[in-house]
Amino acid sequence: MIAPVTVSLKDRTKLFQFIRDIPYRIALSQDEQDYSCAAKTPMLQKMLSTVGLKSRRICCQFEWKSFGLPEDILKQAIATECGHEYLEVYIPENDKWVAADPTWDSKINSTGLPIAEWDGMNPTALAIKPTKVFSPEESAKINEEVENASKEAWNTFFEENRIFFRSLNAWFERHRQNAGQHA
């Protein structure tokens, strides 16, 4: 029997950091590239699968007010609760599933949001404080529903949330620019 190839911890952490440090940005339409949790999580999943690591996408809910957003941005949110997605990675060395959440890029650390670090073995901090976490089976169903949503449903979603998403993206970008000025 051939032993399974185990990717090094260094390689795992490099893949994680690569995806994590893509600047977080919520798309404002279906035509824009999205770099929110809903895009970065499957990107990390695909990269880890190429090196033989199993993973699963986990969905949860959170409240926008738990972010510490400025009040003028927070009041633009259409809903008080929102969905979030992160990855659980199977660690063969210890036969455990651990959270790996690449959501926030390291250039926005001045926001006070938890910028995840991953050692390739242990769970990362989650990007948000979940109010509810769905099981892997429930998460798979949620992701399937989202991926199969109609173009009209997506257009409505973007139209309803565009002002809030634009303000949120601008807030993150201001933090990145300020970080660059202090580097």
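Conventions we followed
- Residues numbered from 1 in each chain as written.
- Predicted model: local features only at pLDDT ≥ 70, side-chain atom pairs only at ≥ 80, totals over all residues.
- Heavy atoms only, no water.
- Helix = DSSP H or I, 4+ residues; strand = E, 2+ residues; numbered from the N terminus.
- Contact = heavy atoms within 4.5 Å.
- Core = buried A, V, L, I, M, F, W, Y, C linked by side-chain atoms within 4.5 Å.
- Buried < 20%, exposed > 50% of the residue type's maximum accessible area, 1.4 Å probe, protein only.
- Polar contact = N/O pair within 3.5 Å; in protein donor to acceptor, adjacent residues only side chain to side chain.
- Salt bridge = Lys/Arg side-chain N within 4 Å of Asp/Glu carboxyl O.

Caption draft 1: Representation of the environment of Tyr86 in the model. One can find Tyr86 in strand S2 (residues 81-91). C-alpha separation for the pair Tyr86 and Ala170, spaced 84 residues apart in sequence, amounts to 23 Å. Those residues within four positions of Tyr86 in sequence are excluded, and the remaining contacts are Thr41, Arg56, Arg57, Ile58, Cys60, Ala99, Ala100, Asp101, Leu126 and Val133.

Caption draft 2: The arrangement of the nonpolar core in detail. Ranked by internal contacts, the top residues of the largest apolar core, which has 25 residues, are Trp64, Phe67, Leu69, Trp104, Phe164, Leu168 and Phe172. If you list the elements that add at least two residues to this core, you get strand S1 (55-63), helix H3 (71-74) and helix H5 (151-181). Broken down by element, this core gets its largest block of residues, five residues, from H5. In contact with Leu168, other than residues within four places in its own chain, are Ile26, Trp64, Leu69 and Ile73. One finds Phe16, Ile19, Leu87 and Ala116 within the second-largest nonpolar core, a separate group that totals 15 residues.

Caption draft 3: Structural detail: the side chain of Thr13. Tracing the backbone through its elements, the reader meets Thr13 in helix H1 (residues 9-20). A polar contact of 2.8 Å, which involves the side chain of Thr13, links it to the backbone oxygen of Lys10.

Caption draft 4: Structural context of the pattern of salt bridges. Taken as a whole, this structure holds eleven salt bridges when the rule is applied. The residue Arg56 makes a salt bridge to Glu88 at a minimum N-O spacing of 2.7 Å. Taken together, the positions of Arg56 in strand S1 and Glu88 in strand S2 put the pair 32 residues apart, joining distant regions of the chain. By relative accessible area, which is 17% here, Glu88 ends up buried. Put simply, Glu159 and Arg162 hold a salt bridge, and the shortest N to O gap is 2.9 Å. Of this pair, Glu159 and Arg162 both sit in helix H5, three residues apart, roughly one helical turn. Owing to a relative accessible area of 54%, Glu159 belongs among the exposed residues under this scheme. Looking at Arg162, the relative accessible area reads 21%, which means it is partly exposed. If you follow the salt bridges from partner to partner, you end up with Arg20, Asp21 and Glu117 in one network.

Any functional reading would require information that these geometric values do not contain.
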